[in-house]
Amino acid sequence: MRNITVVGTGYVGLVTGTGFADLGNKVCCLDIDEAKIKMLQDGQVPIYEPGLHEMIHRNVKAGRLSFTTDYIAALEEAEFVFIAVGTPEGVDGEADLQYVGQAAETIAKNMKHPLIIVNKSTVPVGTGDWVSDIVRTNQPEPIDFAVVSNPEFLREGSAIVDSTNPDRVVLGSLDKDAANKVAELYLSLRAPIIVTDLRTAEMIKYASNAFLATRISFINEIANICEQLGADVKEVAVGMGYDKRIGHHFLDAGVGYGGSCFPKDVKALTHMATTQGTHPQLLKAVMDINQYQRIHIIQKLRNILGSKLKGKVIGLLGLAFKPNTDDMREAPAVEIARALLRENAVVKGYDPVAKSVAAKMIPGIELADDAYGLAKDCDALVLMTEWNEFKNLDMAQIKSLMRQPIFIDGRNLYEPDLMTSYGFTYRGVGRGY
Ligand SMILES: NC(=O)c1ccc[n+]([C@@H]2O[C@H](COP(=O)([O-])OP(=O)(O)OC[C@H]3O[C@@H](n4cnc5c(N)ncnc54)[C@H](O)[C@@H]3O)[C@@H](O)[C@H]2O)c1
C-alpha cells in the first residue's frame, strides 16, 4: 500500500486515482474546482465514463479513496504526487502550461517531506525540467524531490479498461531510482514498462498521438479519393488491415478526429517543431485533411439540399466526439452545428449522454430526447457519433418521421445498399459515390 495524491480530477486524474486505489493504495484526489470535489464527496461523478461510478464508490467505501481541495491535507501523507491537470491549446497552438505551473508551485509551497512528483499531463518536451525548476524555486526550504514523466494513453469511453490493462507504461526521469519506484506502482498490471529519460518520455506521448491522428487523416484522404473513383474505403481499410505491418486499428474513415487530445496534441507538436526550426509538413497535412473532413460533410448536404441551407432542418445524430463519453471538446459536431447555424439552418441534435454539455457548447441547437424525436421533420440526418444504440434503429420509422429522407453517415455505420433500400438518399464517407 502506497500513499498517492492525484492533482486534477478530470478524465485522467479521476480514473488514475481510482485505479491506484483499486490496486490497494491509499489515494487522495485533489482539484481546485470546488463544485467537482463536492459532487465527488457526495457520491456523484462529474463525468460520464463507463464503470467509473461503481469503482469510485467501492474504493471510497473501503476507505482507500478520498477527495479534497486542500493541498496541505492532500500532501500530508503522500509519497507520490501525480499531476493530471489540463494542458489545453494556447493562442498559437502551443500547449498552455499554466495549470501545470500552478500545480507545481502549490505542491512546492506545501510539501513538508520528500516527494516523487509524477507528471501525467501531456506536456511539451522539456516541461519536466521546467517543473523541477518551479518546485525548487518555490520551496520555502529545500526538500528532496524527483520529477518523473508518466504520460497517459487511456481513451475516454474505455478509460478503466485502458488504465488497468495498459499496452505499456512509459516512465522518464533523470532519477532512475524515482522512476523505478513509480514502476513498482504499476507492476501488478503486468504491462511492459519503458524507463527512459524525461524528454524521451514526453516525446513518446506526442509521437503516439500524432501517429494515430495521421492514420485517421490518411484513411480520410483515401476515402475522398475512393469517392471520386467509385471504390469503397471500408473494404479498402479491411484489405489493408490484414497486412501485419499495417493492422486494422485507426483506419475508420469519417468526419475526422476530435476530442480533448488529438487536435491539441498535433497542434502542440507542430508548434514545438516550428519553434525549433524544423518543418513539420506531415503534421500540417494531417490537420488540413482533418479540417476538410468536417467541411466536406456540409458540402454533401449542399449537393443534395441545394447551396442554401437556410431554413433546412438538419438533425445531428450523436454529438460527443466519440461513443461512451460526454466529452465534447473539439467534437466535430460542435463545428458542424455552429457552421449550419451561421447559415440559419435549424439544427437539432441528440446524444445519449452529452445533452447537457451540448446545450452549453452549441447555443441555438434544439435537443431531442431520442433518435426518433430527432428525426421528426428533419430535411436531413447526419450521423456524427457511432453510439451502440444507433446501430439498430428502426430505419423505416426514422424515414417516415423525416421531411426528406436524406442521410449523411459521417461514421460509415450503415450499409449503403440497405439504407438505399429503405428509400434514403444515403451518403457515407468514401463509399463508392
Ligand atoms: N482526456 C483524455 O482522454 C486524455 C488522455 C491522455 C492524456 N490526457 C492528458 O491528461 C491531462 C488531463 O486531461 P483531462 O482530460 O483529464 O483534463 P480535464 O480538463 O478533464 O481535467 C483537468 C482537471 O484539473 C483541474 N485543475 C486545473 N488546475 C489545477 C490545479 N492547479 N490544482 C488542482 N487541480 C487543477 C481542473 O479543475 C480539472 O478538473 C491533459 O494534459 C491531457 O492532454 C488526456
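Everything numeric here is computed off the predicted structure, so don't read it as measured data.

### Some thoughts on the pattern of salt bridges
Where charged atoms of side chains with opposite charge meet at close range, the side chains can pair.
Consideration 1: If you walk through the whole model with that rule in mind, you get 24 salt bridges.
Consideration 2: For Arg2, the salt bridge identified is with Glu79, shortest N-O distance 2.6 Å. Of this pair, Arg2 sits in the segment before strand 1 (3-7) while Glu79 sits in the loop between helix 4 (71-75) and strand 4 (80-83); the two residues are 77 residues apart in sequence, bridging distant segments of the chain.
Consideration 3: On the basis of relative accessibility, which here comes to 31%, the residue Arg2 falls in the partly exposed class.
Consideration 4: Through salt bridges that share partners, Asp22, Glu54 and Arg58 make up one connected network.

### Description of the sheet that holds strand 14 (residues 425-427)
Consideration 1: Reading across from one edge, 11-10-9-12-13-14 is the order of the six strands in this open sheet, with parallel pairing throughout. Each of the sheet's edge strands pairs with one partner strand only, and the pair in question is strand 11 (366-367) and strand 14.
Consideration 2: With three bridges connecting them, strand 12 (residues 380-383) and strand 13 (residues 406-409) associate as parallel partners. Paired with Val382 across the two strands is Ile408, which belongs to strand 13.
Consideration 3: Packed onto the sheet, helix 12 (residues 281-305) meets strand 9 (313-317), strand 12, strand 13 and strand 14 and runs at close to 160° relative to strand 13.

### Brief notes about the site of the ligand
Consideration 1: In the vicinity of the ligand there are 28 residues, among which Asp31, Lys36, Thr87, Glu156 and Lys264 approach most closely.
Consideration 2: Contacts to the ligand include Thr87, whose side-chain N or O atom sits 2.5 Å from an oxygen atom.
Consideration 3: Contacts to the ligand include Ser260, whose side-chain N or O atom sits 3.4 Å from a nitrogen atom.
Consideration 4: Within the complex, 91% of the 840 Å² of free accessible area of the ligand lies under protein.
Consideration 5: Looking at the shell around the ligand, the elements that each hand over two or more residues are helix 1 (11-22) and helix 5 (98-110).
Consideration 6: When residues in the shell around the ligand are grouped by element, the largest group, three residues, is from helix 5.

### A closer look at empty space enclosed by the protein
Consideration 1: Counted under the stated rule, the structure contains two cavities of 30 Å³ or more.
Consideration 2: Quantified by volume, the largest cavity comes out at close to 200 Å³.
Consideration 3: Lining the largest cavity are 19 residues, with Lys120, Glu152, Ser163, Tyr186 and Leu189 sitting closest to its centre.
Consideration 4: Going through the elements one at a time, helix 1, helix 7 (159-164) and strand 7 (169-172) are the ones with two or more residues in the lining of the largest cavity.

### Here we look at the pairing of strand 4
It is a general feature of regular strands that their side chains alternate between the two faces of the sheet.
Consideration 1: Of the two faces of strand 4, the one carrying Phe80 and Phe82 and the one carrying Val81 and Ile83 are both buried.
Consideration 2: As defined by bridge partners, strand 1 adjoins strand 4 across four bridges and the pair is classed as parallel. Pairing of Thr5 across the sheet is with Val81, part of strand 4.
Consideration 3: With four bridges connecting them, strand 4 and strand 5 (residues 115-119) associate as parallel partners. Residue pairing in the sheet places Val81 in a bridge with Ile117 of strand 5.
Consideration 4: Read from strand 4 through helix 5 to strand 5, the crossover connection turns out right-handed.

Rules used throughout
Residues numbered from 1 in each chain as written. Predicted model: local features only at pLDDT ≥ 70, side-chain atom pairs only at ≥ 80, totals over all residues. Heavy atoms only, no water. Salt bridge = Lys/Arg side-chain N within 4 Å of Asp/Glu carboxyl O. Helix = DSSP H or I, 4+ residues; strand = E, 2+ residues; numbered from the N terminus. Buried < 20%, exposed > 50% of the residue type's maximum accessible area, 1.4 Å probe, protein only. Pairing = 2+ DSSP bridges. Contact = heavy atoms within 4.5 Å. Axes fitted to C-alpha atoms, helices over the stretch in contact; angles between N-to-C directions. Near = heavy atom within 4 Å. Polar contact = N/O pair within 3.5 Å; in protein donor to acceptor, adjacent residues only side chain to side chain. Areas by Shrake-Rupley, 256 points an atom, 1.4 Å probe, with all protein chains shown as cover. 1 Å grid on protein atoms, 1.4 Å probe; cavity = no way out; pocket = protein on both sides within 12 Å on 5 of 7 lines; lining within 4 Å. Points joined across faces, edges and corners; volume = space filled by probe spheres on them. Right-handed = clockwise from strand over helix to strand, strands pointing away.

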